[in-house]
Amino acid sequence: MEHPVTPNEARAALDTVDRGRRHVIDEIDLPRWYWFGLALGWIALGVITDLHHPWLTAAATLMFGAVHSTVAPRVVDGRHRSHRVSVRRELTGRQTARLVLGGVVALGFVTVGGSLALNADGANHPVTVTSVFVAVIIVLGGPQLLAAVRRRVARDVDADA
Amino acid sequence: MTQPRFDELIHPSTRLSLVALLAAADWAEFAFIREQLDLSDSALSKQLSTLEEAGYVEIERPVRDRRRRVRARLTPTGRAAFAGHVAALRQIVAAADSEQALV
């Protein structure tokens, strides 16, 4: 069969397609304010917990959960880092949101475990100290998590090609 | 399964990059595409007009932050044409690879 282009030209065209897609894959991310907001909220919750007013801790936890559940659905899929492009859902799948929300839950357990350990050790303000530690993980680890998602999406696109 | 169909309109390199970028997005703003593909305003406008005339691209002008933005999205026809073109390119490469394997 006569082809309209040579195999080498077809390969070069597929490389062009790959590069075109990668411009969008590179945009898969969460807005920076999400990580900083989450970290600040975490520290605030830790400080409030160390005040030892159960009703205040409960109210703050509820408020934190309410604010997060309002904000998170808009950003955790990683498709809207900027207003300049909307990444297609098929590219990110649901994995990004699951990873981010799973990470938040895991850090919740780290906070509780760390606080209990520090408290048992007799530390002052154990929840605040643990929350600051977790906040650092959020700010430094969050973007790394999304970088891993971008690498995974790029790999999937390569495997599909 | 996508039917391979070589598309002469999409195939030129700049247009292929543009359509591949749009295929990975729901929509993209004009400025974003221009920066990513390193094109001039006029070059990008020309490419988008060609694709719009073919029914492959839709141009929208939403208002955000009190400024009118221009953004482009692939139409279902454009998506189908792109998928068919990529399938045709893969078919050409696969045919060449299998011929080489037989040699």
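Owing to the predicted nature of the structure, the values given are computational and were not obtained by experimental measurement.

Draft legend 1. Focus on the overall build of chain A. When helices and strands are tallied, chain A shows 6 helices and 1 strand. Ordered by position from the N terminus, the helices and strands of chain A form the series α-α-α-β-α-α-α. Here the C-alpha atoms of chain A give a radius of gyration of 21 Å, more than 25% beyond the 15 Å that 2.2 N^0.38 yields for 161 residues. For the C-alpha atoms alone, the extent of chain A along its principal axes is close to 80 × 30 × 20 Å. Burial statistics for chain A: of 161 residues in total, 29% are counted as buried. For chain A, the proportion of contacts with a sequence separation of at least 24, taken over those separated by at least 6, is 70%.

Draft legend 2. Quick peek at the sheet that holds strand β5 (residues 71-74) of chain B. The strand order β1(A)-β1(B)-β5(B)-β2(B) describes an open sheet built from 4 strands, whose pairing is antiparallel. Single-partner strands in this sheet number two, and they are β1 (85-87) of chain A together with β2 (57-60) of chain B. Across this sheet, the average inter-strand angle for adjacent strands is 25 degrees, counted without regard to direction. Relative to β5 of chain B, β2 of chain B is paired through 4 bridges, and the arrangement is antiparallel. By the bridge assignment for β5 of chain B, I59 of chain B is matched with A72 of chain B. Sheet strands in contact with helix α3 (residues 41-53) of chain B are β2 and β5 of chain B, and its direction is about 120 degrees off that of β2 of chain B.

Draft legend 3. Up close: the interface of chain A and chain B. Taken together, the contact pairs 23 residues of chain A with 23 residues of chain B. Elements supplying a minimum of two residues to the side of chain A that touches chain B: α1 (7-25) and β1 of chain A. Looking at the side of chain A that touches chain B, the element that brings in the most residues is α1 of chain A, giving 13 residues. A class-by-class count of the residues in the side of chain A that touches chain B yields 12 nonpolar, 6 polar and 5 charged. As judged from the 3 bridges shared by β1 of chain A and strand β1 (residues 25-29) of chain B, these two strands associate in the antiparallel manner. Looking at β1 of chain B, one finds that V87 of chain A is bridged to A25 of chain B.

Draft legend 4. Layout of the confidence of the model for chain A. Taken residue by residue, chain A gives an average pLDDT of 89. The fraction at 70 or more is 96%. Highest mean pLDDT in chain A belongs to helix α2 (residues 32-49) of chain A (94); lowest belongs to helix α4 (residues 89-92) of chain A (83).

Draft legend 5. Quick peek at helix α5 (residues 95-120) of chain A. All names here are of chain A. In this model α5 runs 37 Å from its N-terminal to its C-terminal C-alpha over 26 residues, within 8% of the 38 Å that 1.5 Å per residue would give. Within α5 the residues assigned to the buried category are T96, V100, L107, T111 and S115. Positioned one or two residues after α5, G122 has a phi angle of 85 degrees, which is positive.

Draft legend 6. Spatial organisation of the confidence of the model for chain B. In the predicted model, chain B carries a mean pLDDT of 92, and the fraction of residues at 70 or more is 99%. We note a pTM of 0.81 for the whole complex and an ipTM of 0.88 for its interfaces.

Draft legend 7. Structural detail: the pairing of β5 of chain B. Looking at chain direction, β1 of chain B and β5 of chain B are connected through 2 bridges and run antiparallel. Within the sheet, the bridge partner assigned to A28 of chain B lies in β5 of chain B and is A72 of chain B.

Draft legend 8. Expanded view of the environment of L21 of chain B. Mapped onto the secondary structure, L21 of chain B falls in helix α1 (residues 13-23). For L21 of chain B, a count of 24 C-beta atoms within 10 Å puts it in the buried group. Separated by 53 residues in sequence, L21 of chain B and L74 of chain B place their C-alpha atoms 9.7 Å apart. Ignoring sequence-local partners within four residues, the contact set of L21 of chain B consists of G20, H23 and V24 of chain A together with A28, I33, Q36 and L37 of chain B.

Draft legend 9. Up close: unusual backbone geometry. Residue and element names in this part refer to chain A. In this structure, H125 takes a positive phi of about 50 degrees despite not being glycine. On the secondary structure map, H125 appears in the loop between α5 and α6 (126-160). With 17 C-beta atoms counted inside 10 Å, the residue H125 sits in the partly exposed group.

Rules used in this analysis
- Residues take numbers from 1 onward in each chain, read along the sequence in its written order.
- The order in which chains are written sets their letters, starting at A; the order in which ligands are written sets their numbers, starting at 1.
- It should be noted that, the model being predicted, local features are given only for residues of pLDDT at least 70 and side-chain atom pairs only at 80 or more, the latter also being counted only at that level, while totals for whole chains, interfaces and linings use all residues.
- In this text, helices come from DSSP runs of H or I with a minimum length of four residues, and strands from runs of E with a minimum of two, each type numbered from the N-terminal end.
- We take the radius of gyration over the C-alpha atoms and set the globule estimate at 2.2 Å times the residue count to the 0.38 power.
- Buried, partly exposed and exposed are defined by the number of other C-beta atoms within 10 Å of a residue's own C-beta, namely 20 or more, between the two limits, and 12 or fewer respectively, with C-beta atoms placed from the backbone.
- Once C-beta atoms are placed from the backbone, any two residues with those atoms within 7 Å are in contact.
- Pairing between two strands is assigned when DSSP locates at least 2 bridges connecting them.
- Convention adopted: a line fitted to C-alpha atoms gives each axis, helices being fitted over their contacting stretch, and angles between N-to-C directions are expressed from 0 to 180 degrees.
- By the convention adopted, Pro, Cys, Tyr, Trp, Phe, Met, Ile, Leu, Val and Ala count as nonpolar, Lys, Arg, Asp and Glu as charged, and the other residues, Gly among them, as polar.
- Residue-level confidence of the predictor is summarised by pLDDT, bounded by 0 at the bottom and 100 at the top.
- To estimate how far a helix should reach, multiply one less than its number of residues by 1.5 Å.

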